[in-house]
Amino acid sequence: MITLFQITGSSSFAARAALECADAEYDVVNVHPRRRDDAPGFADANPLKRVPALRDGEVRLSETGAILLWIGDRFPDAGLAPAVGTPARADHYRWVTWCANTLHVGWWPVMASFYFSSDEAARASVEARGRENIERAGAHLEQWLEGHEWLAGDSPGVSDIYAYMLVGWQSYYDDITLGGAAVADHYARVGALPG
């Protein structure tokens, strides 16, 4: 049985949504953000005690992108990952890792500038630069989606779920919009998926 360790409202969303879209059988362990030691088995699944973390038999996985790639492969009948060796599979790898390495990381200066500096003026500068990076990332995503319904191939996949979560974070801000009409349309398509 798969066990997903999650904190509601965190990056765990993408992993849980992918498991739902895969129609996977899984259990959830809700981890308290300030009492992570209280979650049985959590340290075994991820010694760093960060979510999401996943356990499936001998498999232990952490990091959102890795978990999503694994779910796509673990449930091939769900069609959440294109066939190995195809151009769409290359796009699948590219977009999952882009979400993890660019868009996901790009949010941190905006959402948590206090991690980068204790100086108020410096934090304002960090956040401003973060907003510029988010704007560039949104433009990049918009450009791709102007010519594609999904990020990788002809059907929705884990890369779309990951992008959906990260684009959705703009709802926490009145003055941030990622991309334009193509990103908004993609967000609506992914949000309408069963699961």
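The structure we're discussing is the one just above.
What you see is a predicted model; the values in this text were computed from it and never measured.

1. What to know about the sheet that holds strand β3 (residues 53-56)
Strand order across the open sheet formed by four strands is β2-β1-β3-β4, with mixed pairing between neighbours. Looking at strand neighbours, the two that pair on one side only are β2 (26-30) and β4 (59-62), the edges of this open sheet. For this sheet the average axis-to-axis angle between neighbouring strands, irrespective of direction, equals 15°. In terms of strand pairing, strand β1 (residues 2-6) meets β2 through five bridges, oriented parallel. Looking at β2, one finds that F5 is bridged to V29. Helix-sheet contacts for helix α1 (residues 12-21) involve β1, β2 and β3, and the interaxial angle to β1 is about 150°. Sheet strands in contact with helix α3 (residues 64-74) are β1, β3 and β4, and its direction is about 135° off that of β4.

2. Observations regarding the nonpolar core
One finds L19, I71, L103, W107, L141, Y162 and L166 to be the most contacted residues of the largest nonpolar core, which totals 44 residues. Secondary-structure elements contributing two or more residues to this core are β1, α1, α3, α4 (87-111), α5 (120-145), α6 (158-168) and α7 (181-191). I7, V31, V51 and A53 belong to the second largest nonpolar core, which has eight residues in total.

3. What about the packing of aromatic side chains?
All chains considered together, the criterion is met by nine aromatic pairs. On the basis of an interplanar angle of 25° and a centroid distance of 5.5 Å, the ring pair of F5 and F42 is categorised as stacked. Of this pair, F5 sits in strand β1 while F42 sits in helix α2 (residues 42-45), and the two are 37 residues apart along the sequence. For F5, a relative accessible area of 0% translates into the label buried. In textbook terms, an aromatic cluster arises when at least three aromatic residues are bridged by ring pairs, as seen for F13, Y164 and Y187. A cation sits over an aromatic face here: R189 above W150, 5.5 Å from the ring centre.

4. Focus: the state of the cysteines
Taken as a whole, this structure holds zero disulfides when the rule is applied. Counting only cysteine sulfurs, C99 is the nearest neighbor of C21, a cysteine outside any disulfide, at a range of 15 Å.

5. Notes on the packing of α4 against α6
Packing of α4 against α6 brings their axes to within 9 Å, and their N-to-C directions diverge by 15°. The angle between α4 and α6 places the two elements in the roughly parallel class. Considering how the two elements wind past one another, α4 and α6 form a crossing that is left-handed. For the pair formed by α4 and α6, the contact residues are H92, W95, V96, C99, A100, L103, H104 and W107 on the first element and V158, S159, Y162, A163, M165 and L166 on the second. Classifying every residue of the contact of α4 with α6 by side-chain character gives eleven nonpolar, three polar and no charged.

6. What to know about the side chain of S159
On the secondary structure map, S159 appears in helix α6. With near-sequence residues (within four places) excluded, S159 lies in contact with H92, W95, V96, C99, L151 and A152.

7. Here we look at the environment of V190
Residue position: V190 is located in helix α7. Taking the relative accessible area as the measure of exposure, V190 reaches 7% and is therefore buried. As for V190 and S118, which are separated by 72 residues in sequence, their C-alpha atoms are 38 Å apart.

Thresholds applied
Residues numbered from 1 in each chain as written. Predicted model: local features only at pLDDT ≥ 70, side-chain atom pairs only at ≥ 80, totals over all residues. Heavy atoms only, no water. Pairing = 2+ DSSP bridges. Helix = DSSP H or I, 4+ residues; strand = E, 2+ residues; numbered from the N terminus. Axes fitted to C-alpha atoms, helices over the stretch in contact; angles between N-to-C directions. Contact = heavy atoms within 4.5 Å. Core = buried A, V, L, I, M, F, W, Y, C linked by side-chain atoms within 4.5 Å. Buried < 20%, exposed > 50% of the residue type's maximum accessible area, 1.4 Å probe, protein only. Phe/Tyr/Trp six-rings, centres within 6.5 Å; stacked < 30°, edge-to-face > 60°. Lys NZ or Arg CZ within 6 Å of the ring centre and 35° of its normal. Disulfide = S-S within 2.5 Å. Parallel < 35°, antiparallel > 145°, perpendicular 65-115°, else oblique. Left-handed = near helix turned anticlockwise from the far one by under 90°. Nonpolar A, V, L, I, M, F, W, Y, C, P; charged D, E, K, R; others polar.

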